[in-house]
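Spelled out, the chains give:
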Amino acid sequence: DAGVTQSPTHLIKTRGQHVTLRCSPISGHKSVSWYQQVLGQGPQFIFQYYEKEERGRGNFPDRFSARQFPNYSSELNVNALLLGDSALYLCASSLGDRNSPLHFGNGTRLTVT
Amino acid sequence: GDSVTQMEGPVTLSEEACLTINCTYTATGYPSLFWYVQYPGEGLQLLLKATKADDKGSNKGFEATYRKETTSFHLEKGSVQVSDSAVYFCALRTSYDKVIFGPGTSLSVIP
């Protein structure tokens, strides 16, 4: 079975630009969540979507937004990019209950110059 | 708020040495606890989990026991291999998919 897939794998953007990152969950998983991992730190929770509804939001500015499509894939959008947005963005999918594990993709490495 | 603290790295061990990575947490309610591993150039992988007090998670020779009285979930392995070199993250989850991760501990195992 295919795991969680993310695209693109790498991205270079300029300050002030907009970026869209994409994620396809494992087949059968209805929950998708997004994390930001700055180099040398643990991942930080950004959003969770379940059945196309936002279920949770982390402490990130409104420049960050996301959505989930009817096929359960998801997009993360970041507007007005800052240098500090440079990070590895991880997508994870799960069945959605508290005890089911998160399955992570390999991430999108975003560099803002 | 909820948080995870784990020992600072990097940790360097010789092959076949014993490993302990300390992890303590602060949480309201009854969290599930996890250890995730990130091998060089790869994504996060679930290593083991425990969902209630006194549960022991185990996988690939690694073990961790959910200790509610000490709010700890220390990772242990009796004999490490070079292939265990990675970054290890302790994490907790109290609801839905908001997982709170520790800062990570980098482990290098030398032959």
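For clarity, every value in this text was computed on a predicted model and none was experimentally measured. (Residues numbered from 1 in each chain as written. Chains lettered and ligands numbered in written order. Predicted model: local features only at pLDDT ≥ 70, side-chain atom pairs only at ≥ 80, totals over all residues. Heavy atoms only, no water.)

**Considerations on the overall build of chain A**
Right, on to step 1. When helices and strands are tallied, chain A shows 0 helices and 11 strands.
Right, on to step 2. Moving toward the C terminus, one meets the helices and strands of chain A in the order β-β-β-β-β-β-β-β-β-β-β.
Right, on to step 3. C-alpha atoms of chain A, sized along the principal axes, occupy 40 × 25 × 25 Å.
Right, on to step 4. In chain A, which comprises 113 residues, the proportion classed as buried is 51%.
Right, on to step 5. Across chain A, every contact between residues at least 6 apart in sequence was considered, and the portion connecting residues at least 24 apart equals 52%.
Right, on to step 6. Accessible surface for chain A amounts to roughly 5,400 Å². Of this, 49% is attributable to carbon and sulfur atoms.
Right, on to step 7. Positive and negative side-chain charges of chain A, numbering 11 and 8 respectively, have mean locations separated by a distance of 6 Å. (Helix = DSSP H or I, 4+ residues; strand = E, 2+ residues; numbered from the N terminus. Buried < 20%, exposed > 50% of the residue type's maximum accessible area, 1.4 Å probe, protein only. Contact = heavy atoms within 4.5 Å. Areas by Shrake-Rupley, 256 points an atom, 1.4 Å probe, with all protein chains shown as cover. Lys, Arg positive; Asp, Glu negative; His and termini not counted. Charge placed at Lys NZ, Arg CZ, Asp CG, Glu CD.)

**Quick notes on the sheet that holds strand E3 (residues 19-21) of chain B**
Residue and element names in this part refer to chain B.
Right, on to step 1. As summarised here, the arrangement of the 4 strands in space is E3-E9-E8-E7, forming an open sheet in which the pairing is antiparallel. Whereas interior strands pair on both sides, the edge strands pair on one side only; in this sheet they are E3 and strand E7 (56-59). Taking each pair of neighbouring strands and ignoring which way they run, the sheet shows an average axis angle of 15°. (Pairing = 2+ DSSP bridges. Axes fitted to C-alpha atoms, helices over the stretch in contact; angles between N-to-C directions.)

**Some details on the state of the cysteines**
Right, on to step 1. Inspection of every chain in the model, using the stated rule, returns 2 disulfides over all chains.
Right, on to step 2. With a sulfur-sulfur separation of 1.8 Å, Cys23 of chain A is cross-linked through a disulfide to Cys91 of chain A. Between Cys23 of chain A and Cys91 of chain A the disulfide shows an S-S torsion of about -65°. By sign, it is left-handed. Placement of the pair is Cys23 of chain A in strand E3 (residues 19-24) and Cys91 of chain A in strand E9 (residues 87-94), with a sequence separation of 68 residues. Each member of the pair, Cys23 of chain A together with Cys91 of chain A, is buried.
Right, on to step 3. Across the disulfide, Cys23 of chain B is cross-linked to Cys90 of chain B (sulfur-sulfur distance 1.9 Å). Here Cys23 of chain B and Cys90 of chain B share a disulfide; its torsion about the S-S bond, -70°, makes the bridge left-handed. (Disulfide = S-S within 2.5 Å.)

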